[in-house]
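Structural description and commentary
Next come the chains, spelled out residue by residue.
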Amino acid sequence: MSIKTWIAGRFPALFRESQEIRIHEEYCSPSIESYYKMLAIESAINLISSTLTQAEFKTFKQGKEVKENNYYLFNVEANPNQNSIRFWKKVIEKLVKDNEALVIMQDENLYVADSFERKAFAFVPNIYTNVVIEDYKLKDTFREDQVFYLELHSNKVKGLIDSLYDDYGKLIEYSKDNYKRANARRGVLNIPTNYPITEKAQNDLRNLLENNFKKFFEAEKGAVLPLCNGITYSDLTNSTYKNSSVSRDIKNLVSDVFDYVAAAFQIPTPLLTGGMNSVNDEVWVNYLTNCIKPISELLEKEINRKYYKKDDFLNKSYLKIDTSLINPIYIIKLSNALDVLTRNGINTLNDNLRMLGRDETEDELGEKRFITLNLCPMENMKGGEEGEEENRL
């Protein structure tokens, strides 16, 4: 007689047909939750779009700043169903998630395509078909010069993030499972070999395993588990398993996901995670320079070459995205450096305006250099040496 047969004869309740446990493949392959990745990407979209909508889309006509219909179109209302904030947020969302965005003009309004097909050519304009906007499929075919086509990176960054998250998602799921196991109640139930095999004793044992232990483990407050017939239970939870670092491991893995998303879009991690204590002027400058400025220049150049076109642009009719108001504190701090550069004759007024991302002035004063009167060549200071020598004597 085998040991298994002997135990089954003594304790049939433990080997009932309905209690057989089968290990399926899904127990070894944890499901990958995408919530952390989605949270990181949505945070990046909200941050970039919120920052960009603080900029002003300035419009110029023959070199003079004007506020006409095109100014209203880019800054206030893109179309009857979207204000400019919602419109540009959708553009950023498409750029981040799909690495590309298509904007078409219909009846002097701007619309972002939800989906489209692009056929690229080498020497003739590309064409766009099957354009869908809010579940409405357009029958028109659009040429390259009729649309704003925006592409953020050479590769689809989100696809790379998805591939990376496949591994990190599994690690996070395994860590969550480890956390659950580390906090689970564990123990050893000792059943004596002379335990009765009567029907009542077997029913009592079944009730103990299926009900009493369940209530004992799930009790939020103190609980007592009555045992009889020589059965003893030893709790191993606190003595064998440690869980002090498991929750920290999960948090670190989630932080890594935010770090990778931040790196992909050139966003300083403290800005993406909301750690404002670590945000200083240098962090803001890096964010504006490496993340916001490339996107604003992408929009600016595409609008100028498609909306205004070559002749208007050369005649100084164009659009310029002014990001200087996003962080006014940076301008205040930069003013000290500009003052030194100007009064030492290094920068002209137009040089300073270019550093601030603003338009140059056509006045002659813009190209002049200045130097303070208290600065002069060293040879002009010899007159003070004689008197200084006499004082020494």
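The rules behind these values
In every chain, residue numbers begin from 1 and rise along the written sequence. In keeping with the predicted nature of the model, local features appear solely for residues at pLDDT of at least 70, side-chain atom pairs appear and are counted solely at 80 or more, and the whole-chain, interface and lining totals rest on all residues. Values reported for side chains reflect all heavy atoms of the structure, with hydrogen atoms and water molecules removed beforehand. Runs of E in the DSSP output that reach at least two residues are strands. Runs of H or I that reach at least four are helices, and both are numbered from the N terminus. Whether a residue is buried, partly exposed or exposed follows from its accessible area with a 1.4 Å probe, protein chains only, as a fraction of its type maximum: under 20%, in between, or over 50%, in that order. Any two residues whose heavy atoms approach within 4.5 Å at even a single point are treated as in contact. Under the rule applied, a polar contact is a pair of N or O atoms within 3.5 Å (in protein, one hydrogen donor and one hydrogen acceptor; residues adjacent in sequence only if both atoms are side-chain atoms). Strands are labelled as partners when DSSP assigns at least two bridges between them. All axes here are fitted lines through C-alpha atoms, helices being fitted over the stretch that makes contact, and every angle between N-to-C directions spans 0 to 180 degrees. Salt bridge, as applied in this entry: a Lys or Arg side-chain nitrogen positioned within 4 Å of an Asp or Glu carboxyl oxygen. Angles below 35 degrees are treated as roughly parallel, those above 145 as roughly antiparallel, those between 65 and 115 as roughly perpendicular, and all remaining angles as oblique. Left-handed describes a crossing in which the near helix is turned anticlockwise from the far one by less than a right angle; the clockwise case is right-handed. When residue character is reported, Ala, Val, Leu, Ile, Met, Phe, Trp, Tyr, Cys and Pro are called nonpolar, Asp, Glu, Lys and Arg charged, and the others, Gly included, polar. Definitions used for this entry: grid spacing 1 Å over protein atoms alone; cavity, a set of points where a 1.4 Å probe fits but cannot get out; pocket, an open set with protein on both sides within 12 Å along at least 5 of 7 lines; lining residue, one with an atom within 4 Å of a point. Grid points are joined across faces, edges and corners, and a volume is the space filled by probe spheres set on the points.

What follows is about the environment of T53. With respect to the secondary-structure elements, T53 resides in the loop between α2 (35-52) and β1 (56-61). Looking at T53, the relative accessible area reads 27%, which means it is partly exposed. With 35 residues separating them along the chain, T53 and W88 place their C-alpha atoms 7.2 Å apart. Contacts of T53, omitting those with residues within four sequence positions, involve I85 and W88. At 3.0 Å, the side chain of T53 forms a polar contact with the backbone oxygen of S49. For T53, the side chain forms a polar contact with the main-chain oxygen of S50, separated by 3.0 Å.

This part is about the side chain of N109. Along the chain, the position of N109 falls in strand β6 (residues 109-112). Residue N109 is classed as buried on the basis of its relative accessible area of 16%. Other than its neighbours up to four places away in sequence, N109 contacts L73, A78, N79, P80 and I104.

Another aspect to go through is the sheet that holds β6. Read across the open sheet, the three strands follow the order β6-β5-β11; overall the sheet is antiparallel. The sheet is open, and its two edges are formed by β6 and β11 (147-151), each paired on a single side. Pairs of neighbouring strands in the sheet enclose a mean axial angle of 20 degrees, with direction left out of account. Looking at chain direction, strand β5 (residues 100-106) and β11 are connected through five bridges and run antiparallel. Its bridge partner being in β11, A101 is matched across the sheet by L150. Here helix α4 (residues 84-98) sits on the sheet and contacts β5, β6 and β11; the angle it forms with β5, its principal contact strand, is near 145 degrees.

Within the structure shown, the criterion is met by 12 salt bridges. The residue K97 makes a salt bridge to E93 at a minimum N-O spacing of 3.1 Å. With K97 and E93 both in helix α4 and four residues apart, this pair spans about one turn of that helix. On the accessibility criterion, E93 (27% relative accessible area) is partly exposed. Between D98 and K94 there is a salt bridge, with the nearest N and O atoms lying 3.0 Å from each other.

Let's shift gears to the packing of α2 against α4. Across the interface, α2 lies against α4 with an axial gap of 9 Å and an inter-helix angle of 140 degrees. Considered as vectors, α2 and α4 are oriented oblique to each other. Every pair of crossing elements has a handedness; the one defined by α2 and α4 is right-handed. Along its contact with α2, which presents I41, E42, I45, N46, I48, S49 and L52, the element α4 presents K89, I92, E93, V96 and K97. Here the residues of the contact of α2 with α4 are counted per class, giving six nonpolar, two polar and four charged.

By the definition in use, this model includes two cavities of 30 Å³ or more. Estimated volume of the second largest cavity: approximately 40 Å³. Taken together, W88, V103, F148, L150, L299, E302 and I303 form the lining of the second largest cavity. Of all the secondary structure elements, the ones that give two or more residues to the lining of the second largest cavity are β11 and α10 (281-314). Top contributing element to the lining of the second largest cavity by residue count: α10, with three residues. The residue inventory of the lining of the second largest cavity, partitioned by class, reads six nonpolar, no polar and one charged.

That is the geometry; function is a separate question.
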